[in-house]
Amino acid sequence: MPAGQYDVDAGAEAPSRQRGARMPRRERRAQLLDSALGVFVASGYHAAAMDDIAERAGVSKPVLYQHFPGKMDLYLALLDIACDQVIENCRAALASTPDNKQRVAATIDAFYDYVADDNGAFRLVFESDLTNEAAVRQLVDRVTTECAAMIAEVIRDDTGLPDEASRLLAVSLVGMAQVSARFWLNDTAGIDRADATALITGLAWRGIRGYPKTDEH
């Protein structure tokens, strides 16, 4: 195996942790990201510590720093993955059917499905405590921008509205989906997910279908 393909824990070994096991770098990186996600979701960025992440992953800090020079690098790597997932879910929902009513339903459901995932990754995207950081803000904004761009294309083609109007409607739909999904998750009333998505789908569809394609457009 080529040099550098594996990493080795160079730090002092704590007998109870059995650290230092050799692991391919790609697998180690995935393990570290998974461990970091749990820590960041539970504690938030500021309270999370690299010590906690290393402990959760069962490695020493030198191994962690071999892959991620600092906590922000680790957070941004996780955030990038999370943002890509939201965008891909939206793309798949729009491509799942040519029927626009069903597209609305699928897109709303994609946001609810993502928020309901037990890993809590949505909190990095929609509830980050680092949105004042330019790099974080850029990634978080990419979710709205790219999802809205895909939805706007459908709206423009179906209604004939100008690009600017289609984009504004699309951004509004994205906001409705993610805000309502987060509220639903934290709502102690416990409305069933299927009922929740049906309600929001109905609201979104009744609004967007009011822009039919006409000769004036």
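Cut-off values and rules
- Residues numbered from 1 in each chain as written.
- Predicted model: local features only at pLDDT ≥ 70, side-chain atom pairs only at ≥ 80, totals over all residues.
- Heavy atoms only, no water.
- UniProt positions renumbered as here; feature names shortened; annotations may be inferred.
- Helix = DSSP H or I, 4+ residues; strand = E, 2+ residues; numbered from the N terminus.
- Axes fitted to C-alpha atoms, helices over the stretch in contact; angles between N-to-C directions.
- Parallel < 35°, antiparallel > 145°, perpendicular 65-115°, else oblique.
- Left-handed = near helix turned anticlockwise from the far one by under 90°.
- Contact = heavy atoms within 4.5 Å.
- Buried < 20%, exposed > 50% of the residue type's maximum accessible area, 1.4 Å probe, protein only.
- Disulfide = S-S within 2.5 Å.

Here, UniProt's "DNA-binding region" (unreviewed entry) annotation points to residues 49–68. The span residues 49–68 is 75% helix and 0% strand, and its two end C-alpha atoms sit 13 Å from each other.

This part is about the packing of helix α8 (residues 163–186) against helix α9 (residues 193–208). Contact geometry for α8 and α9: axes closest at 11 Å, N-to-C directions at 160 degrees. In terms of axis orientation, α8 runs roughly antiparallel to α9. The crossing of α8 and α9 is right-handed. In this structure, α8 uses Leu169, Leu173, Met176, Ser180 and Trp184 to contact α9, whose residues at the interface are Arg193, Ala196, Ile200, Leu203, Ala204 and Ile208.

This part takes up the environment of Asp34. On the secondary structure map, Asp34 appears in helix α1 (residues 25–43). Residue class for Asp34 comes out exposed when judged on its relative accessible area of 56%. Residues Asp34 and Leu78, 44 residues apart in the sequence, show an inter-C-alpha distance of 8.6 Å.

Summed over the entire model, instances satisfying the criterion amount to zero disulfides. The thiol sulfur of Cys83 is not disulfide-bonded, and the nearest other cysteine sulfur, from Cys147, lies at 9.4 Å. Of the cysteine sulfurs around Cys90, a residue in no disulfide, the closest is that of Cys147, at 3.8 Å. We classify Cys90 as buried; its relative accessible area is 1%.

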